[in-house]
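These are the residues of each chain, in order.
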Amino acid sequence: PCRSVLTVACEQTEVLLFDPISSKHIKTLSEAHEDCVNNIRFLDNRLFATCSDDTTIALWDLRKLNTKVCTLHGHTSWVKNIEYDTNTRLLVTSGFDGNVIIWDTNRCTEDGCPHKKFFHTRFLMRMRLTPDCSKMLISTSSGYLLILHDLDLNKSLEVGSYPILRARRTTSSSDITSSGSSGPRAVGSPCHQNESGPLSEKHMSRSSQREGGSPRNSLEVLTPEVPGERDRGNCITSLQLHPKGWATLLRCSSNTDDQEWTCVYEFQEGAPVRPVSPRCSLRLTHCIEEANVGRGYIKELCFSPDGRMISSPHGFGIRLLGFDAHCSELVDCLPKEASPLKEIRSLYSHNDVVLTTKFSPTHCQIASGCLSGRVSLYQPKF
């Protein structure tokens, strides 16, 4: 958070630490895990967490990197994401076992810390919290996007215990016009349900009335609109949130993995007009087709700290994308229908497929990492 250290998660069990200003290598955690390291999340300016394909999460202290603070066991498959709720000070992780697990890091010991399973869904790919931690978004390899509204991490969600705000595809203006009185097409839920299936409209209505609107942890299931993919499946491989919570950024690939898109969806706030009416919290505003390079590998993209620019892996480099040619705020250039993202500049310095990119939170600096292990740092010239 204070930009003093750049941490890099590596395929071969390592975590690298660099000084991002001088580009000097600080330290290598050569056996941080027993398998690929997938994600790193700072909890504050000294404590950070790493997760791995070895099914564990490790806590580290920058002041004492020779040993882990502790190792967390709870997942049964590859752990891919780490989030941190700054309100409750709870660590949140997700993995390919389909589980989202909550960890109480305030009560850690050398043997781990208390944890509980919060949520489960099939085909889970990525999980994120909005900046204010009021929503949890989960993307899946089957093209679904799940949103838990009015998030309460202290309440575990068992099968069938959460109200479902009826599933539907996100729509553009033209979709709404053509849908007529019959309403939009509904889709099935990827979540595990009991034999009675999702909550009935009657049950949902009573629940909403009892809680005075949408209750805590109400679940919305969407199949986000992807350009050119109306009749084909797609996989949501990367999921990021706008730093001000205005939008979500998705990297989607076709079910045949021959096309990729970067898509921006604006949050449409507010409860449904009627408790039983279909809810659709996201609207596609901008998109762009990506280079079909590095099939099978996930490319992690990101927003700039002010949310005006997107850095996206593109072949052997990255593209800087804006909502318009002047890098305006999203709220100042919302189109009536989905518009192309504008390419501001392309940067190519790698000799292999770029898999990840990140802006410095405090400086005019971008980092990118490629499949062969090279890390590049970019700074603008004035």
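Residues numbered from 1 in each chain as written. Predicted model: local features only at pLDDT ≥ 70, side-chain atom pairs only at ≥ 80, totals over all residues. Heavy atoms only, no water.

**Overview of the sheet that holds strand 2 (residues 15-18)**
Strand pairing in a sheet relies on backbone hydrogen bonds. The paired strands run either parallel or antiparallel.
Okay, step 1: What the three strands build is an open sheet, ordered 1-2-3; its pairing is antiparallel. Two strands in the sheet have a free side with no partner beyond their single neighbour: strand 1 (6-9) and strand 3 (25-29). Adjacent strand axes in the sheet meet at a mean angle of 15° when their direction is disregarded.
Okay, step 2: Across four bridges, strand 1 lies against strand 2 in antiparallel orientation. If you follow leucine 6 over to strand 2, its bridge partner there is phenylalanine 18. (Pairing = 2+ DSSP bridges. Helix = DSSP H or I, 4+ residues; strand = E, 2+ residues; numbered from the N terminus. Axes fitted to C-alpha atoms, helices over the stretch in contact; angles between N-to-C directions.)

**Details of the side chain of lysine 80**
Okay, step 1: As for its position among the elements, lysine 80 is in strand 8 (residues 79-85).
Okay, step 2: Polar contacts involving the side chain of lysine 80 include one to the side chain of asparagine 38, which spans 3.4 Å.
Okay, step 3: Dropping the residues within four chain positions of it, lysine 80 is found in contact with Asn38, Asn39, Cys51, Asp53, Ser94, Gly95, Phe96, Met125 and Arg126. (Polar contact = N/O pair within 3.5 Å; in protein donor to acceptor, adjacent residues only side chain to side chain. Contact = heavy atoms within 4.5 Å.)

**Here's the deal with the pattern of salt bridges**
Okay, step 1: Following the criterion strictly, the structure yields 17 salt bridges and no others.
Okay, step 2: Across the pair arginine 319 and glutamate 290 runs a salt bridge, and its minimum N-O distance is 2.9 Å. A residue pair is termed long-range when its members are at least 10 positions apart, and arginine 319 in strand 23 (residues 317-322) and glutamate 290 in strand 20 (residues 282-290) qualify at 29 residues. For the pair arginine 319 and glutamate 290, a shared accessibility class is recorded, and that class is buried.
Okay, step 3: With a closest N to O distance of 3.5 Å, glutamate 329 and arginine 308 form a salt bridge. Linking glutamate 329 in the loop between strand 23 and strand 24 (339-340) with arginine 308 in the loop between strand 21 (302-303) and strand 22 (309-314), this pair joins segments that are 21 residues apart in sequence.
Okay, step 4: A relative accessible area of 11% means that glutamate 329 is categorised as buried.
Okay, step 5: A residue is classified by how much of its surface remains accessible, and arginine 308, at 31% relative accessible area, is partly exposed. (Salt bridge = Lys/Arg side-chain N within 4 Å of Asp/Glu carboxyl O. Buried < 20%, exposed > 50% of the residue type's maximum accessible area, 1.4 Å probe, protein only.)

**Some thoughts on the state of the cysteines**
Okay, step 1: Inspection of every chain in the model, using the stated rule, returns zero disulfides.
Okay, step 2: Free of any disulfide, cysteine 263 has its nearest cysteine sulfur in cysteine 252, 4.7 Å distant. (Disulfide = S-S within 2.5 Å.)

**Concerning the UniProt feature "repeat: WD" (unreviewed entry) in the protein**
Okay, step 1: UniProt feature "repeat: WD" (unreviewed entry): in the numbering of this structure it lies at residues 30-63 and 72-104.
Okay, step 2: A distance of 17 Å separates the end C-alpha atoms of residues 30-63, which is 0% helix and 53% strand.
Okay, step 3: For residues 72-104, the end-to-end C-alpha separation is 11 Å, with 0% helix and 64% strand making up the annotated structure. (UniProt positions renumbered as here; feature names shortened; annotations may be inferred.)

**Points about the sheet that holds strand 9 (residues 90-95)**
Okay, step 1: Taking strand neighbours across the sheet as the criterion, the four strands line up as 8-9-10-11 in an open arrangement whose pairing is antiparallel. Lying at the two open borders of the sheet, with one neighbouring strand each, are strand 8 and strand 11 (115-120). Direction aside, the axes of adjacent strands within the sheet are offset by 25° on average.
Okay, step 2: Here strand 10 (residues 99-104) pairs with strand 11 via five bridges, running antiparallel. Each residue of the ladder has a partner; that of isoleucine 102, found in strand 11, is lysine 116.

**Here we look at the nonpolar core**
Okay, step 1: In this structure, Val92, Val100, Phe118, Phe119, Met136, Ile138 and Leu153 are the most contacted members of the largest nonpolar core, which totals 19 residues.
Okay, step 2: Put simply, the parts of the chain that give this core at least two residues each are strand 9, strand 10, strand 11, strand 12 (124-129), strand 13 (136-140), strand 14 (145-149) and strand 16 (218-223).
Okay, step 3: With three residues, strand 12 is the largest single contributor of residues to this core.
Okay, step 4: Counting residues in hydrophobic clusters, the runner-up holds 18 residues, among them Ile147, Ile236, Leu241 and Trp261. (Core = buried A, V, L, I, M, F, W, Y, C linked by side-chain atoms within 4.5 Å.)

**A word on the side chain of aspartate 324**
Okay, step 1: In this structure, aspartate 324 sits in the loop between strand 23 and strand 24.
Okay, step 2: Lacking a salt bridge, the buried aspartate 324 has arginine 308 as its closest oppositely charged neighbour, with an N-O distance of 7.4 Å.
Okay, step 3: A polar contact of 3.0 Å, which involves the side chain of aspartate 324, links it to the backbone nitrogen of histidine 326.
Okay, step 4: Within the local environment of aspartate 324, its side chain forms a polar contact with the side chain of serine 328, the two groups lying 2.7 Å apart.
Okay, step 5: Aspartate 324 has contacts with Cys333, Lys342 and Ile344, leaving out every residue within four places of it along the chain. (Lys, Arg positive; Asp, Glu negative; His and termini not counted.)

**Things to note about the layout of surface pockets**
Okay, step 1: Here the second largest pocket is characterised by a volume of approximately 440 Å³.
Okay, step 2: What lines the second largest pocket is a set of 20 residues, and nearest its centre among them are Phe359, Cys364, Gln365, Ile366 and Pro380. (1 Å grid on protein atoms, 1.4 Å probe; cavity = no way out; pocket = protein on both sides within 12 Å on 5 of 7 lines; lining within 4 Å. Points joined across faces, edges and corners; volume = space filled by probe spheres on them.)

**Quick word on the pairing of strand 22**
Okay, step 1: The buried fraction of strand 22 is high, at six of six residues.
Okay, step 2: Side chains Met309, Ser311 and Pro313 of strand 22 all project onto a buried face; the interleaved residues Ile310, Ser312 and His314 project onto the opposite face, where all are buried too.
Okay, step 3: In this sheet, strand 22 lies alongside strand 21 in antiparallel orientation, the contact comprising two bridges. Paired with cysteine 302 across the bridge in strand 22 is serine 311.

**Examining unusual backbone geometry**
Okay, step 1: With a phi angle near 65°, threonine 13 is a residue other than glycine that sits in the positive phi range.
Okay, step 2: Position of threonine 13 among the secondary structure elements: in the loop between strand 1 and strand 2.

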